[in-house]
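Reading the structure
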Amino acid sequence: MSISLIAAIGRNNVIGRDGGMPWHISEDLKHFKKITVGHTVVMGRRTWESLGCKPLPNRRNIVISGSMPLASGIEVRHDAGFLEQYRGNSCEEEIFIIGGGQLYGKTIGIADKLYITETDIPIEGADTFFPKIDLKEWDCVSNSGPIIDGKSGSTVVFKEYERHRQH
Ligand SMILES: NC(=O)c1ccc[n+]([C@@H]2O[C@H](COP(=O)([O-])OP(=O)(O)OC[C@H]3O[C@@H](n4cnc5c(N)ncnc54)[C@H](OP(=O)(O)O)[C@@H]3O)[C@@H](O)[C@H]2O)c1
């Protein structure tokens, strides 16, 4: 089992504003769906609320919250500790952390892989950020684009990073 973070990141590591996504990029939504469908997605309580408290279809949805009661179609965990059991597990399955900022910050240290969509849209008043990707710890293993998103007109680049392995 491997643990991956997946995020769309703007200039200065921006990922959110006012409890929601600061942009709508359909190419990124398609990319996100293609990568995560059929897998487990794990999100913080605020990201769950930003999705209208509706589970993402065709995925096992886990919401992390210290306070939230159970809801239909999801599993609730009270902290991120349960992810530890998946580290170094020989099973092939990939588990995806899908946000937001608090949960990315808590889990980047145990992640094996990062799927990052970079966008160039300038955002005023952003309040949520992705943690710094330290290139001493991460190797960029895939870089595709730039492509222009037809609907928003923004430029996006899809990158994948794997944790740097000492040889
Ligand atoms: N650009 C992107 O790719 C992307 C992706 C996802 C989200 N976002 C954006 O990010 C923002 C939300 O992020 P956020 O940082 O405000 O919140 P968040 O990480 O989604 O959720 C925070 C909440 O999750 C729970 N939680 C998280 N880590 C925990 C831990 N280790 N142990 C226990 N509980 C934990 C707590 O819930 P309780 O308070 O209930 O205990 C905490 O208040 C929104 O603007 C959203 O649109 C952007």
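Below you will find a few notes about this structure. On a predicted model such as this, the values are computed, not experimentally measured, just so you know. (Residues numbered from 1 in each chain as written. Predicted model: local features only at pLDDT ≥ 70, side-chain atom pairs only at ≥ 80, totals over all residues.)

Digging into the nonpolar core
Definition in use: Working definition: the nonpolar core is a set of buried Ala, Val, Leu, Ile, Met, Phe, Trp, Tyr and Cys residues, joined through C-beta atoms within 7 Å. Exposure is read from a count of other C-beta atoms within 10 Å of each residue's own; the residue is exposed at 12 or fewer, buried at 20 or more and partly exposed in between. C-beta atoms are placed from the backbone. Strands here mean DSSP runs of E at least two residues long; helices mean DSSP runs of H or I at least four residues long; both are numbered from the N terminus.
Grouped together as the largest cluster of nonpolar side chains are 29 residues, with contacts concentrated most on Leu-5, Val-42 and Ile-97. At five residues, strand 1 (residues 2-9) tops the list of elements feeding residues into this core.

Comments concerning the site of the ligand
The cut-off we apply is this: For each residue, a C-beta atom is positioned from the backbone; the residue is called near a molecule or strand if that atom sits within 6 Å of it. When residues are grouped by polarity, Ala, Val, Leu, Ile, Met, Phe, Trp, Tyr, Cys and Pro land in nonpolar, Asp, Glu, Lys and Arg in charged, and all others, Gly among them, in polar.
If you check the shell around the ligand, you find 28 residues, and the closest are Gly-16, Gly-44, Gly-66, Gly-99 and Gly-100. Split by residue class, the shell around the ligand holds ten nonpolar, 14 polar and four charged.

A word on the sheet that holds strand 9 (residues 138-148)
Rules: Should DSSP find at least two bridges between two strands, the strands are regarded as paired. Here an angle of 0 to 180 degrees is reported between the N-to-C directions of two axes, which are lines fitted to C-alpha atoms, with helices fitted over the stretch in contact. The contact criterion used here is simple: two residues whose C-beta atoms, placed from the backbone, lie within 7 Å are in contact.
Taking strand neighbours across the sheet as the criterion, the eight strands line up as 5-4-3-6-1-7-10-9 in an open arrangement whose pairing is mixed. One side of each edge strand has no neighbouring strand; the edge strands of this open sheet are strand 5 (75-77) and strand 9. The mean inter-strand angle of the sheet, taken between neighbouring strand axes irrespective of direction, is 20°. Of the strands in this sheet, strand 1, strand 3 (40-44), strand 6 (94-97), strand 7 (113-119), strand 9 and strand 10 (155-163) touch helix 1 (residues 26-36), which is tilted by about 175° from strand 1.

A word on the environment of Ile-62
Examined against the element boundaries, Ile-62 turns out to sit in strand 4 (residues 60-64). Linking Ile-62 and Arg-77, residues 15 residues apart in sequence, is a C-alpha distance of 7.1 Å. For Ile-62, the contacting residues outside a window of four places in its chain are Thr-40, Val-42, Ile-74, Glu-75 and Arg-77.

Comments concerning the pairing of strand 6
Bridging between strand 1 and strand 6 involves four bridges; their strand directions are parallel. What sits directly across from Leu-5, in strand 6, is Ile-97. Here three bridges tie strand 3 to strand 6, and the two strands are oriented parallel to one another. Its bridge partner being in strand 6, Val-41 is matched across the sheet by Phe-96.

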